[in-house]
Amino acid sequence: MAPILQLNGLKAFYGQSEVVHGIDLAVEEGGMTVLLGANGAGKTTTLRAICGMVRVEGEIVFAGKRLERRATEDIAGLGVAHVPEGRGTFVGLTVEENLRLGGYTRLREAPTNIERMYGYFPILAQRRRQQGGALSGGEQQMLAIARALMMQPRLLVLDEPSFGLAPRVVEDIFKIVERIKKEERVSVLLVEQNANLALELADHAYLLETGYVVASGSAKALADDPQIRRAYLGY
Amino acid sequence: MDKSSAAIARTPLGTERFGFATAGTGRWAFAILAIVIAAALPFALSKYHVFELTLVMIYAIAVLGLNILTGYNGQISLGHGGFFAAGAYTAAILMHRYGVPYWATLPAAGFVGFVLGVLFGLPALRFEGPYLALVTLAMALATPQLLKYFDTWTGGQQGINLVKPTPPAGLGLNQDRWLYLIALVALLLAIRVAANMLNGRTGRAWVAIRDHPIAAAAMGIDTARYKTLAFGTSTLFTAVAGALSAIAIGYVSPESYSLFLSISFLVGAAVGGISTIGGAIVGGFFIQFVPNFANDISDAAPWAIYGLAMLVCMYTMPHGVVGSIKPWLARLAQWTGEQRKRKDGGNSP
Amino acid sequence: MHEFLQQVFSGLAAGSVYASVALALVMIYRSTDLVNFAQGEMAMFSTYIAWTLVNAGLPFWGAFALTLAVSFAGGMLIERVIIRPVENAPVLAAVIVTIGLLLILNSVAGWIYTYTVQDFPSPFPDRPLLHALITTRDLGVIAVTLIMLVLLFLFFRYTSTGLAMRAAAQNPTSARLCGIRVGHMLAIGWGLAAAIGATAGIMVAPVLFLDPNMMSGVLLYAFAGALLGGITSPVGAVVGGLIVGVTENLVGTYLIASQLKLTVALALIILVLVFKPNGLFGTAIVRRV
């Protein structure tokens, strides 16, 4: 199967500084690829590059279309749903309004989709009329993922979903992500510092260090690699 | 909109220094050349043009005051016309009622301006952004009304007529040239004082407060004191400019100090480059000449041309004329510095 | 007492006009962090358009509707053509642009329509009601403003576009990630603000009489009202505008007439702001360190 997302020689810049130095990366259709690495490795920058939020050189190919030079909202409209670092919740709007916004590009199916999201995340149904800002960190993460799924995306891009969350909550979220991957038939590109959990779930993995890909392969292969285990998995 | 900070505007590279980033001798040579040319100009131009340039320099001092407050310290003022008026009327009343010689009214106006600025700046500490804009706007609106109200002092609607200063005997200068030179000296003094303050500790504190007020306070900068000082310094400059304008024009009246004057100062400051010193001079030119040009182009809708000029300036140079030039000069300085290193040969550090 | 109530009611009518313009200012401020100083002149220009249509023979409400449509389009156009070039520039540059726009509109209106003061028809007869507590005209102005506010509320609360606009104003980045064209939302916001301003201008013209400088006082009071209510709060804008209208009337009647009225009214508003520096309903500007 052709990869749904392919990065070829991608460079990304913050202002004049080159932060990502020509990486190649592929996400198989229907699969989950994880991008690992320490702080400052360029993982978030790569995701932002895909969504047109930073200056890039090189190629980004999504479902046969080139994404460089497209506006963020157009990329979203093409079927890339990005759950940003920090969730990006609309704190002043209610949970239901947040979901409706996720469904902005799929207005006709939105009511059905909202019910389906409440199925995945019952806690959101309970809090549907509460302000986004009143939710706990874990609930906001669920809301962010649900909002992204409202777009009926072909590619779900998740930036550090475990960030700032208690381990129990993180487990719950990852269980849901796994279920989503099976039931929604969406490809997933996941960025995580929590390498253990991520490698259990993913099919493929890339390891980023200061803007370069230093290792790639199946998730199992990377998990078994002793050097990577010592450096990133802690054992 | 650049929402990233409370800053009104700032020059891109953060190089707030006046003058050029080129090394020592280059900067001094240019400055001396400029001063010599400026001093020689009144002998080459007609009386009217000399008078116009005098006004340019007076407005430049006023705008410099605004740049200090709004550009370097980030506190917006839509009311500087009021402080200009305060200086003008201080000079007028001292000369007219008490026979004070004209040159002595300048420090007096400066003092009055400073005190008013501090009195205003203290409550202004509570306000930011559009709220501060409203408070200063209210002041600008109140000024002509207050001037008319206290008519025993101010001469009310009629204003006060003044005798223009006579040049000292034996210098062979006529009145207009004398006034021009006074304004020139005042402007050079103002630039020197401003540059010293802005390039020194006070200026750095002001900029820190503008860009990162919380961090500045955390570093131990007394925010309230510096902000009030910025206000007082700013209004000192503008009040002195006001006094000079009263002396140069020979007449003060409430109509001259309307809201439009305050707006003009802000426009001139922005067009010149609000976080710069040189921009104040450009602003002075803009305030004095563009309305006249606008009238020449269209006497049916001159203010439309003026407004259009403002738009064009902001589209092409959003950081003002001097603000937009500075990065290029810095790059030039970098390039010449590198060339010099290369010429000095071999091992650079 | 009777006179007091009369002044309160007529103050509410004036306040409705201020509230409308204040609301327009707040809408634009929320989405672009910019005070649109040209809002008053845009409203004035719209009113002249309505005047032209009425003089050409259109019935009042037809001219009103057409003017609103034209103003909406004009507002969108202004955002895309005049404001967009400075949307990434320092805020001061954008402020100067709105001031420039103010001068252009005022001057062009004076050129096209001259500075002669004109009559402007009111759709409401000017008759006293309720034991002369309020006139039918004032009641009409308040009613029109109320209807407009209700329609706006429904729009923003229940339509997708309204929701998208609120989202774009609150968090443009997240809005883009949802596929919302933030630029379009801005343009629509300016269009709505222009239409609101047009309504205000048309309502106030019969009282203030139509001339290019008609809206300058209104803008001032609206600005003060918006700040009094809290520049980030639409509810605050309306409440603030109404308070300013009533205050202006009472100050003018009981304290001091003519020109100083403005100064005194502003002084009172500023006094309130000293105790509530972010306005009555405003939220403090959260600073990220």
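The rules we used
Residues numbered from 1 in each chain as written. Chains lettered and ligands numbered in written order. Predicted model: local features only at pLDDT ≥ 70, side-chain atom pairs only at ≥ 80, totals over all residues. Helix = DSSP H or I, 4+ residues; strand = E, 2+ residues; numbered from the N terminus. Rg over C-alpha atoms; globule rule 2.2 N^0.38 Å. Buried ≥ 20, exposed ≤ 12 C-beta atoms within 10 Å, placed from the backbone. Contact = placed C-beta atoms within 7 Å. Axes fitted to C-alpha atoms, helices over the stretch in contact; angles between N-to-C directions. Parallel < 35°, antiparallel > 145°, perpendicular 65-115°, else oblique. Nonpolar A, V, L, I, M, F, W, Y, C, P; charged D, E, K, R; others polar. Expected span 1.5 Å × (residues − 1). Pairing = 2+ DSSP bridges. pLDDT = per-residue confidence, 0-100. Core = buried A, V, L, I, M, F, W, Y, C linked by C-beta atoms within 7 Å.

Asks: Help me understand the overall build of chain C, please; the structure alone is not making it clear to me.
Replies: What chain C contains, in helices and strands, is 11 helices and 2 strands. Sequence-ordered secondary structure for chain C, helices as α and strands as β, is α-α-α-α-β-β-α-α-α-α-α-α-α. At 19 Å, chain C has a C-alpha radius of gyration in line with the 19 Å of a compact globule built from 289 residues. Considered along the principal axes of its C-alpha atoms, chain C spans approximately 60 × 50 × 35 Å. Scored against the burial criterion, the 289 residues of chain C give a buried share of 55%. Residue pairs at least 24 apart in sequence account for 73% of intrachain contacts in chain C once pairs closer than 6 positions are excluded.

Asks: I keep staring at the overall build of chain B and nothing clicks. Help me out?
Replies: Scanning chain B from terminus to terminus reveals 14 helices and 2 strands. Relative to its length of 349 residues, chain B is compact, with a C-alpha radius of gyration of 21 Å against a globular reference of 20 Å. Its C-alpha atoms give chain B principal-axis dimensions of roughly 75 × 50 × 45 Å. Going through the 349 residues of chain B one by one, you find that 50% of them count as buried. In chain B, the proportion of contacts linking residues at least 24 apart, taken out of those at least 6 apart, comes to 79%.

Asks: What's the story with the packing of helix α5 (residues 136-158) of chain C against helix α8 (residues 182-208) of chain C in this structure? I'm lost.
Replies: Axis angle and axis distance: for two packed helices, these are the angle between their axes and the distance between the axes, and together they describe the pair. All names here are of chain C. As a packed pair, α5 and α8 sit with axes 10 Å apart at the nearest point and diverge in direction by 170 degrees. Relative to α8, the element α5 is oriented roughly antiparallel. Across from V141, V144 and M148 in α5, the residues of α8 making contact are I196, T199 and M203. Of the residues in the contact of α5 with α8, the class split is 5 nonpolar, 1 polar and no charged.

Asks: Just to check I follow, could you spell out the interface of chain A and chain C for this structure?
Replies: It is common to report an interface's size as the accessible area lost on association of the parts. The interface of chain A with chain C comprises 19 residues on the first partner and 15 residues on the second. Its residues placed into classes, the side of chain A that touches chain C shows 9 nonpolar, 7 polar and 3 charged.

Asks: Any chance you could explain the interface of chain B and chain C here in plain terms?
Replies: Taken together, the contacts link 36 residues of chain B with 42 residues of chain C. At the level of elements, α5 (129-149), α9 (213-218), α11 (259-272) and α13 (302-316) of chain B are the ones that each hand at least two residues to the side of chain B that touches chain C. The element contributing the most residues to the side of chain B that touches chain C is α13(B), with 9 residues. Split by residue class, the side of chain B that touches chain C holds 29 nonpolar, 3 polar and 4 charged.

Asks: Even after reading the chapter, I still don't get helix α4 (residues 91-113) of chain C, so can you show me in this structure?
Replies: Helical geometry note: an α-helix holds 3.6 residues per turn, so side chains three or four residues apart project in the same direction. With 23 residues, α4(C) ought to run about 33 Å at 1.5 Å a step, and its terminal C-alpha atoms sit 33 Å apart, in line with that. Taken from the residues just after α4(C), C:T114 is the one with a positive phi, measuring 65 degrees.

Asks: What is the right way to read the environment of B:V193 from this model?
Replies: The residue B:V193 is located in helix α7 (residues 175-199) in this model. Sequence separation between B:V193 and B:G323 is 130 residues, and the spatial gap between their C-alpha atoms is 20 Å.

Asks: So what exactly am I meant to see when it comes to the sheet that holds strand β4 (residues 55-62) of chain A here?
Replies: Within a sheet, adjacent strands bond to each other through the backbone by hydrogen bonds, running parallel or antiparallel. Residue and element names in this part refer to chain A. Reading across the sheet, the 4 strands line up as β2-β1-β4-β5 and stay open at both edges, with antiparallel pairing between neighbours. Strands with a single pairing partner mark the edges of an open sheet, and in this sheet they are β2 (17-28) and β5 (65-66). Of the strand pairs in this sheet, β4 and β5 are connected by 2 bridges, and their pairing is antiparallel. Looking at the pairing, V61 lines up with R66 of β5. On the sheet, helix α1 (residues 43-50) packs against β1 (3-14), β2 and β4 and is oriented at approximately 70 degrees with respect to β2.

Asks: Explain the sheet that holds strand β3 (residues 32-36) of chain A to me, please; I cannot follow it from the model alone.
Replies: Residues and elements named next belong to chain A. If you walk across this open sheet you meet the 6 strands as β6-β7-β8-β3-β9-β10, and the pairing is mixed. The sheet terminates laterally at β6 (80-83) and β10 (212-218), the two strands that pair on one side only. Adjacent strand axes in the sheet meet at a mean angle of 15 degrees, parallel and antiparallel pairs treated alike. Taken together, the 5 bridges between strand β7 (residues 155-159) and strand β8 (residues 187-192) define a ladder with parallel strand orientation. In the strand pairing of β8, L158 is matched with L190. The sheet contacts of α1 involve β3, β6, β7, β8 and β9 (204-209), and relative to β7 the element is tilted by about 145 degrees.

Asks: Can you help me understand the confidence of the model for chain C in this one?
Replies: Regions with low pLDDT should not have their predicted coordinates read in detail. Overall, the predicted model of chain C reaches an average pLDDT of 91, with 97% of residues at or above 70. Both confidence scores are given for the complex: pTM 0.89, ipTM 0.92.

Asks: So what exactly am I meant to see when it comes to the pairing of β2(A) here?
Replies: On a regular strand, one side chain projects to one face of the sheet and the next to the other, so that they alternate. One ladder, built from 9 bridges, connects β1(A) with β2(A); its direction is antiparallel. Paired with A:A12 across the bridge in β2(A) is A:V20.

Asks: Help me understand the arrangement of the chains, please; the structure alone is not making it clear to me.
Replies: With 2 pairs of chains in contact overall, the greatest share of contacts is found between chains B and C. Over all C-alpha pairs, chain A and chain B never come within contact, reaching a minimum spacing of 13 Å.

Asks: What exactly am I supposed to notice about helix α10 (residues 223-249) of chain B here?
Replies: Residue and element names in this part refer to chain B. Helix length check: α10 (27 residues) gives 39 Å between terminal C-alpha atoms against 39 Å at 1.5 Å per residue, within 8%. When you tally the buried positions in α10, you get 22 out of 27 residues, the bulk of the element. Trailing α10 by a residue or two, G250 shows a phi angle of about 85 degrees, which is positive.

Asks: Sorry, what's going on with the pairing of β10(A) here?
Replies: All names here are of chain A. In terms of strand pairing, β9 meets β10 through 6 bridges, oriented antiparallel. From the neighbouring strand, L208 faces β10, where its bridge partner is V213. Hairpin geometry of β9 and β10 is characterised by an intervening segment of 2 residues between the two adjacent antiparallel strands and by a positive phi of about 40 degrees at T210.

Asks: Please clarify how unusual backbone geometry should be interpreted in this entry.
Replies: Excluding glycine, residues mostly have negative phi values, and the peptide bonds linking residues are mostly trans. Its identity is not glycine, yet A:A63 carries a phi of approximately 45 degrees, on the positive side. Relative to the helices and strands, A:A63 is located in the loop between β4 and β5. Positive phi values are uncommon outside glycine, yet C:T114 reaches one of about 65 degrees. As for its placement among the helices and strands, C:T114 is situated in the loop between α4 and β1 (128-129).

Asks: Help me out: how do you make sense of the nonpolar core in this one?
Replies: Proteins that are soluble and globular tend to have nonpolar side chains buried together. If you look at the biggest cluster of nonpolar residues, it comprises 286 residues, and the most contacted ones within it are B:I61, B:V240, C:V21 and C:L25. With 17 residues, the top contributor of residues to this core is α8(C). Excluding its chain neighbours within four sequence positions, the residues that come into contact with C:L25 are C:V35, C:N36, C:Q39, C:A222, C:F223, C:A226 and C:A237.

Asks: Sorry if this is basic, but what is going on with the packing of α7(B) against α10(B) here?
Replies: Residues and elements named next belong to chain B. The N-to-C vectors of α7 and α10 enclose an angle of 175 degrees; their axes lie 11 Å apart at closest approach. On the basis of the axis angle, α7 is roughly antiparallel to α10. On α10, the residues that touch L179, A183, A186, A190 and M197 of α7 are T233, F237, V240, L244 and A248. Among the residues making up the contact of α7 with α10, the classes are represented as 9 nonpolar, 1 polar and no charged.

Asks: Looking at this structure, I do not really get the confidence of the model for chain B. What am I missing?
Replies: For chain B, the mean per-residue pLDDT works out to 86, and 91% of the residues sit at or above 70. Low pLDDT, under 50, characterises residues 1-23 of chain B; the predicted model gives this stretch 70 contacts beyond four residues in sequence or across chains.

Asks: Explanation requested: the environment of B:L64 in the structure shown.
Replies: Residues and elements named next belong to chain B. By the element assignment, L64 lies in helix α2 (residues 47-72). As a C-alpha pair, L64 and F237 span 173 residues in sequence and 7.2 Å in three-dimensional space. When sequence neighbours within four positions are dropped, the list of residues in contact with L64 reads A190, A194, F237, I277 and A280.

Asks: Teacher, can you tell me more about the environment of B:T233 here?
Replies: Residue and element names in this part refer to chain B. Following the sequence through the fold, T233 ends up in helix α10. Looking at T233, the number of C-beta atoms within 10 Å reads 26, which means it is buried. Through-space distance from the C-alpha of T233 to that of P318 is 26 Å; in sequence the pair is 85 residues apart. Once you skip the residues sitting within four places of it in the chain, T233 turns out to touch I68 and M197.

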